[in-house]
Amino acid sequence: MTLDEVKIGGLGASRRRVEDNRFIRGKGNYVDDVVLPGMLHMEIVRSPLAHARIKKIDISGAYKIPGVRLVMTGEMMAARNLGWMPTLSYDTQAILATDKVRFQGQEVACVIADDPYIARDGCEAIVIEYEPLQPVVNPMQAVAPDAPLIRDDKVNQTDNIVFDWEVGDVIGTDQAFAEADVVSEIDMHYPRSHPSPIEACGSIADYDRSTSKLTVYMTTQAPHIIRAAVSLVAELPEHMIRIISPDLGGGFGNKVPVYPGYVMSILASILLEQPVKWIEDKSGNLISTGFGRDVYLKGQMALRNDGKILGVRMHTDSDHGAFFADAQPSKFKIGLMHSAFACYDIPNAHLTARGYYTNKAPGGVAYRCSFRVTEAMFFQERMVQAAADDLGMDQAEFRRKNFVRDDDFPHRTPFGFLTDSGQYEKCLDVGLEAIGYDDFLKQKEEAAARGRLLGIGISTMTEPLGAGNSREYDILGIKMFDSAELRVHMTGKAILRTGAKTQGQGHETTWAQIVAHELGIPAEDVVVEEGDTDTAPFGMGTYASRSTPVAGAAVSMVSRKIRAKSRKIAAHLLEVSEEDIDWELGRFYVRSAPDRGVTIQECAMAAYSNVPDGMEPGLENNAYYDPPNLTWPFACYIATVEVDPLTGVWDVLRVVAVDDCGVRINPMIVEGQIMGGLTEAYAMANMQFITFDADGNCVGGNYMDYLLPTAWETPGFELHEVVTPCPHHPIGAKGIGECATVGGPAAFVNAVIDALKGTGVRNIDMPLLPDRVYEAVTQHHDVSGAPPVKTD
Amino acid sequence: MYPSRFKYETPSTVEEAIGLLHDGGADAKILAGGQSLIPMMKLRFAAPGTIVDINNIPGLDYMRTESDGTFRVGALVRHVDLERATELKDSQPTIAAAAHLVADPIVRTRGTFVGSLCHADPQGDWASCMVALDGSVVAQGPKGRRTIGVDEFVKGPFTTVLAPDELAVEAVVPKAQGVRSGGYLKLERRIGDFATAGVAVAIERNGDVVSRAGIGLTGVGSRTINAEEAAAAVVGQPLTPDTIERAGDLAAAISDPRSDHRGSADYKRHIVATFVTRLLTSMQPTREQSTEERVA
Ligand SMILES: Cc1cc2nc3c(=O)[nH]c(=O)nc-3n(C[C@H](O)[C@H](O)[C@H](O)COP(=O)(O)OP(=O)(O)OC[C@H]3O[C@@H](n4cnc5c(N)ncnc54)[C@H](O)[C@@H]3O)c2cc1C
């Protein structure tokens, strides 16, 4: 009568998502669904200009509108010491602009009124005089001799550079290049992209003077960090702050930072002693909140004629916008960019990185990027293709030759990470087999003879997911571990809480599956709760694919603590010593008499009714988990395309994805994550980007300009799997939330470049819009580092 | 959506609507499908004082081909009605080819053919089709009805010759002078995107000889472009690779696109030439090829 793990919803069960029950019935509870008595509404006035001095703000018109309760400006915030706030990267950021505006869409004033219509009327009635300043819209302009100083608010800032940072071995790398037969180069721009979750940001701040308690409903992926930040910024005691992150309509890293809107709604509620709701509109979200990428990538690879990679040089110029406000582990200024080339055996590498201030919205670390691993892997796989092409080697063969072998683990990557597992060649082989590599190459040749351009692109990657460990990974000094708390009730049902925060990943489903796996309690008997700082244990939140590697591991560990206590209770109930009992899923039994046993549910009942002498009653515990290492999933993505040279339009023929994320908790959810990621990869390769015109106007502040692919364009995906369990994770799982977004783009770009092989074009910057492809094909030159678009 | 305050009226006859428009003056706006007007009100680019919603007026949702071949589209015919009218494939091939390229399926269920003409967006797909077909709009005001050729109907970007108290009641496509062929090609970056460039072609033939031709261009100027010279290049003789190429070149020459995030002016001109060529080539009698090829 051993339990069937899949039947009880344990590991490997493609259990339907329990959260969907409410979502598909329209019963989700998002911030905008929360209505509090006496609630007021806040709306933000944003800067129309990218760079300008504020000369005058006249708010009198707004106060003439009945129903307007409060207007706040930077000056008023500054008077309360809230003109500026610290960012998650040791910089400062304006809450409401005081001296000047530094990007289009920056918050300049806000109006709190009885309803959102009046609030908007109030915003329209505010008159602001600006004196335009020269805008800086890219890193090149930021360091031009006549560049204006963007951050003249900072005492020691004399230029527009945020940081200079380097990692790797410069001497060894120089030597490798000296010994090289061939040096391959690449020069690209990874454009700015925005995660654009369906739900924009928002908050409802409710300050209750009678209790001195501040409750904030907020769209945040990391409620506990927000509580700490609010406590520091607003100087309120941490125990008097309760952050509730209810259902989230997507996050993708967009909902990690602290935004001015949150802070303003909090201050307004404190001043007015009424709840204040702020719901950002979609354009506000697109033009002002955390974006991803916007990095210029330059690389060189030292190669031996036989195809061996000797060394790599990387340089990145990253555009952070007006404030260095994104979140990444404090030690790593350019995130985990140096995770590049982790799956290849490369003896020497050196990376230099420079960050720039520009007159654009702040951010850079969002959108399924795992702290810029997206750029790192794109860099890696585009570089690898360029190198293979330069050597005249087959792109699959070139990768195979340089992969870290299965028996080479643990392996020190060129920049010093320690990878611990993987079957790289196997993944590649599964992918090549699935796409029919050799057949396609023949087909491609035949098509070429008829004047048609087919191409195949490969992208492989391994990425570091699941920060910590806490020795190396912290944000503002807060160590990156996570936690779980499990309470088993007397009838054997349970509630699990973690410090993570689901936003579409399905934690309510998968965490229960881990408990089912560890304890044999059916998943449906476990309710999962996250997002309320008054009830959930401390955690760093959900981003960078860290939840399963860290919080998920904590769920395992807390379940094991419950099991350990249950074992003692079982021994007591079975009247044998603990050493004489064994565990099978959901049941302890006497080793010598397996028929004699007690279920986990019986142990739970006994925990409240019949504990051994001297034992604390109850069955609950918590666990803090500090991972010994990152987890290293691997993937191989292959795309085939056809390019129409007369229009530059390209169509995807097939996409094959082979993902190895270790043990899959819920295969259906994993596949959903991969398909979503591939859709985003296709989007970024094909159409989706945010750009700016020469005046710093954001082109991409609405869905007519910011193109998200629909079901119409998105190609079908063929998914395959390889399983290499993570050696240190309690259930062998690795991160999967970002793999396809990270690894996918290069497959599409490589495919188009492959189709154009022979035209002399080595690079077209994403997105590969028809006009760029056409230009490259007809003029036989790269379309790289494309300058901002003209809009006259 | 939080627009400025407005008055909302729902007339049940055309006359009542015209009366309301008359009373509302320049501040009153007709609401048809709302797919252009409502987004502008949301952004507060438009803040009409009165909305005259014509959706409750019976008898404006007709679409019919008269016995002489004249085709009439009432003011409440939605894009999707034209998309689903399979009989138009033969009688109105240009319109049939464009119907599923206008906006996206959601917008098509609400947006109207006539509303699109009235909106006069240089990137509107229907106006190019109507230009190619030499169509017209019938307007009704306090003083009665008048018929206005599409070319003259559009005054400039987003402006028409309609008086504030005039309602466009129908669009009219004249009967063909011969056997009609036509097509529409649109380069869009994604479904629902406005055209980077769009080309509508309509030709009428007696035997092999082209007796009438019209070419309308979308998104390559500050208004819908009537490429008359390009069209004239194929009239009076059968289609040949030479006349086709000449038409393509002339259409590219008359287009006046601007460089923007959809592409450079040169690129857009090149697309116009390519599409004119592809469309006309597909209409050559020797070739049986679909003109409905979706491009992006
Ligand atoms: C996401 C999206 C994508 C789109 N993509 C495209 C596209 O690719 N190609 C394209 O051509 N269009 C596109 N459109 C626009 C769409 O086709 C609109 O439906 C159309 O332009 C306007 O028609 P409507 O009935 O919706 O007009 P409304 O929005 O109701 O009105 C538009 C204007 O015309 C006036 N008007 C409407 N009807 C009349 C009338 N009978 N008499 C006098 N004045 C009138 C209104 O007062 C208003 O000024 C898109 C729209 C959206 C929202």
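Structure: see above.
Just so we're clear, the structure is a prediction, and the values are computed from it rather than from any experiment.

Rules used in this analysis
Residues numbered from 1 in each chain as written. Chains lettered and ligands numbered in written order. Predicted model: local features only at pLDDT ≥ 70, side-chain atom pairs only at ≥ 80, totals over all residues. Heavy atoms only, no water. Helix = DSSP H or I, 4+ residues; strand = E, 2+ residues; numbered from the N terminus. Rg over C-alpha atoms; globule rule 2.2 N^0.38 Å. Buried < 20%, exposed > 50% of the residue type's maximum accessible area, 1.4 Å probe, protein only. Contact = heavy atoms within 4.5 Å. Areas by Shrake-Rupley, 256 points an atom, 1.4 Å probe, with all protein chains shown as cover. Lys, Arg positive; Asp, Glu negative; His and termini not counted. Charge placed at Lys NZ, Arg CZ, Asp CG, Glu CD. Buried area = accessible area lost by both parts, 1.4 Å probe. Salt bridge = Lys/Arg side-chain N within 4 Å of Asp/Glu carboxyl O. Polar contact = N/O pair within 3.5 Å; in protein donor to acceptor, adjacent residues only side chain to side chain. Nonpolar A, V, L, I, M, F, W, Y, C, P; charged D, E, K, R; others polar. Patch = residues over 30% accessible without salt bridge, like charges linked within 9 Å, V, L, I, M, F, W, Y side chains within 5 Å. Pairing = 2+ DSSP bridges.

J.: Lay out the overall build of chain A in plain terms, naming residues and giving numbers.
T.: Along the backbone of chain A there are 19 helices and 34 strands. In terms of overall dimensions, chain A is globule-like: its C-alpha atoms have a radius of gyration of 27 Å, near the 28 Å expected for 792 residues. A burial count over chain A gives 64% of its 792 residues as buried. Nonlocal contacts in chain A, meaning residues at least 24 apart in sequence, comprise 79% of its contacts between residues at least 6 apart. Roughly 27200 Å² of accessible area belongs to chain A as shown, and the carbon and sulfur atoms make up 51% of that amount. Taken as two groups, the 72 positive and 107 negative side-chain charges of chain A have centres that lie 3 Å from each other.

J.: Kindly report on the interface of chain B and chain A, identifying the contributing residues and their values.
T.: Each partner contributes to the interface: chain B provides 28 residues, whereas chain A provides 30 residues. Of the roughly 2600 Å² buried between chain B and chain A, counting both surfaces, carbon and sulfur atoms make up 59%. Considering only the side of chain B, the residues that lose the most area to chain A are Y2, R190 and H261 of chain B, jointly responsible for 28% of the buried surface there. Taken together, chain B and chain A are joined by three salt bridges. The interface formed by chain B and chain A holds 11 residue pairs in polar contact (both at pLDDT 80 or more) in total. Looking at the side of chain B that touches chain A, the element that brings in the most residues is helix α12 (residues 265-283) of chain B, giving six residues. Broken down by class, the residue content of the side of chain B that touches chain A amounts to 11 nonpolar, eight polar and nine charged.

J.: Break down a nonpolar patch on the surface for me, with residues and values.
T.: Together, M490, M605 and Y608 of chain A make up an exposed nonpolar region whose accessible area comes to about 260 Å². Summarising the element assignment, Y608 of chain A is placed in helix α16 (residues 600-609).

J.: Can you lay out the sheet that holds strand β12 (residues 197-206) of chain B for me, pointing to particular residues and giving the numbers?
T.: Residue and element names in this part refer to chain B. Ordered in space as β11-β12-β13-β14, the four strands form an open sheet in which the pairing is antiparallel. Each end of this open sheet is capped by a strand with a single partner; those strands are β11 (179-187) and β14 (225-226). Examined bridge by bridge, β11 and β12 share nine bridges and lie antiparallel to one another. The partner of L187 across the bridge, within β12, is A197.

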